[in-house]
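A structural walkthrough
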Amino acid sequence: MTTGDNAYVLAIRKWGKLISEPIAIGDSTLWIPDHELELLALEGLRGVDVRLPQRTRAKLVRQKICEALGYPIPKSFPRTRPRFIGQNFDSFVQLRDNLQVWNAEILPSQRYLILRASEDGAITSARVIGGAALALMDKTGTLTQKYQASVTPGEARCELVVAEDTANLKPLLSRSEVNCFLRIPTEEPVAGELCSIQALFRTLSPLVGRSFEDAGHGQERVRGGALHELVCQEMGYPTFSDNGQLPDILDQLLEVKLQLARTIDLGLVCPDSQLPLSDTALAGVQKIRHCDLRYAVFCGTSYRKRVTLTHLFLTTGEAFFSKFKRFEGKVVNRKIQIPLPKNFFDQRKTR
């Protein structure tokens, strides 16, 4: 029996309401039981490639789910909790085992449709789990805070957002050309051996137009690492090193970002924060603040397994938000992170 012949799908289609229309939980005609919901969602997404930017993927998946369940596809999906009010569930596509629930608590009374995607972008499994059971998998009970912003590239391929470094950093800049060949990217910076932001801009601008191998969707860290290594080469470092800490190139107080989508993930500290950067001090006295860091934001495109750099924006943390918009007017997003058990999808098989 196909999804179109399913009794629940036929009843919902005949009813004609949107997924945002509430119905009674357990309604014998319109309420889709967990196992049926799994089967319908899996069938509706069969053959759909979900290797897309997160927002595009989320919208496509929601549309396909509505279609599979017999609901009309709305012009837009209102930001409700849950998104699928009529069937009381939210959907998640998992390329990895780390489930992330953004800006919301896990509700015991809500259902969660979790879809597994393979490396080739195909949905292979689906499971519906109640909020009470899902919450038991959250071992920390904590929320991770993450600052975000958005970027909109314009006609200028390279832009120096601010012409000078922060007043705090200026006295520590080199008065001549800095030779990185004898240095290591992750070493502590040295007073008098820091490139100015103008010098960094001249060095990094030629990278626009360059390309490198694309590790694929879901491999953002690998992609970012490839760009980081390319930047180190362009700056003249003899070796590449990355300790996973902010900033990427501590030696020059430079953070490197790769953007294949509009949203910029900024981590746990806001770029314009005046808090000190750990214990980093130059000349044994001058404390370096987060807002003193330089941010190289590269925009790019992915085509035929190659990432091509299309734009460069270079700014200080202090001037960061003069160019980039804070994410949807919010200062911070929060997420719950839940590692799914290895046998999560095997506990309720969907064929």
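Provided above is the structure to which this section pertains.
First, a word on scope: everything that follows refers to the structure included in this document. These numbers come from a predicted model, not from an experiment. (Residues numbered from 1 in each chain as written. Predicted model: local features only at pLDDT ≥ 70, side-chain atom pairs only at ≥ 80, totals over all residues. Heavy atoms only, no water.)

**Points about the side chain of R289**
Looking at the element boundaries, R289 is found in strand β11 (residues 286-289). Taking relative accessible area as the criterion, R289 reaches 18% and is therefore assigned buried. Residues in contact with R289, not counting those within four places in the same chain, are T166, N168, S273, Q274, L275, P276, L277 and E318. (Helix = DSSP H or I, 4+ residues; strand = E, 2+ residues; numbered from the N terminus. Buried < 20%, exposed > 50% of the residue type's maximum accessible area, 1.4 Å probe, protein only. Contact = heavy atoms within 4.5 Å.)

**Topic: unusual backbone geometry**
The peptide bond linking R81 to P82 adopts the cis configuration, its omega dihedral lying at -5°. Among the structural elements, P82 can be located in the loop between α3 (54-69) and β1 (89-94). Of note, K305 is a non-glycine position whose phi angle comes to about 65°, a positive value. Inspection of the secondary structure puts K305 in the loop between β12 (294-303) and β13 (306-316).

**Overview of the pattern of salt bridges**
Enumeration according to the criterion identifies 17 salt bridges in this entry. For D34, the salt bridge identified is with R111, shortest N-O distance 2.8 Å. Of this pair, D34 sits in helix α2 (residues 34-44) while R111 sits in strand β3 (residues 111-117), and the two are 77 residues apart along the sequence. With relative accessibility at 26%, the residue D34 sits in the partly exposed group. For K64, the salt bridge is made with E67, and the minimal N-O distance between the two is 4.0 Å. (Salt bridge = Lys/Arg side-chain N within 4 Å of Asp/Glu carboxyl O.)

**Considering the environment of L39**
Relative to the elements of secondary structure, L39 occurs in helix α2. Residues L39 and Q54, 15 residues apart in the sequence, show an inter-C-alpha distance of 23 Å.

**Observations regarding the pairing of strand β8 (residues 254-259)**
For β8, the tally of buried residues reaches six of six residues, placing the bulk of the element in the interior. Side chains L254, V256 and L258 of β8 all project onto a buried face; the interleaved residues E255, K257 and Q259 project onto the opposite face, where all are buried too. Pairing of β8 with β12, which is carried by six bridges, proceeds in the parallel orientation. Looking at β12, one finds that L258 is bridged to F298. (Pairing = 2+ DSSP bridges.)

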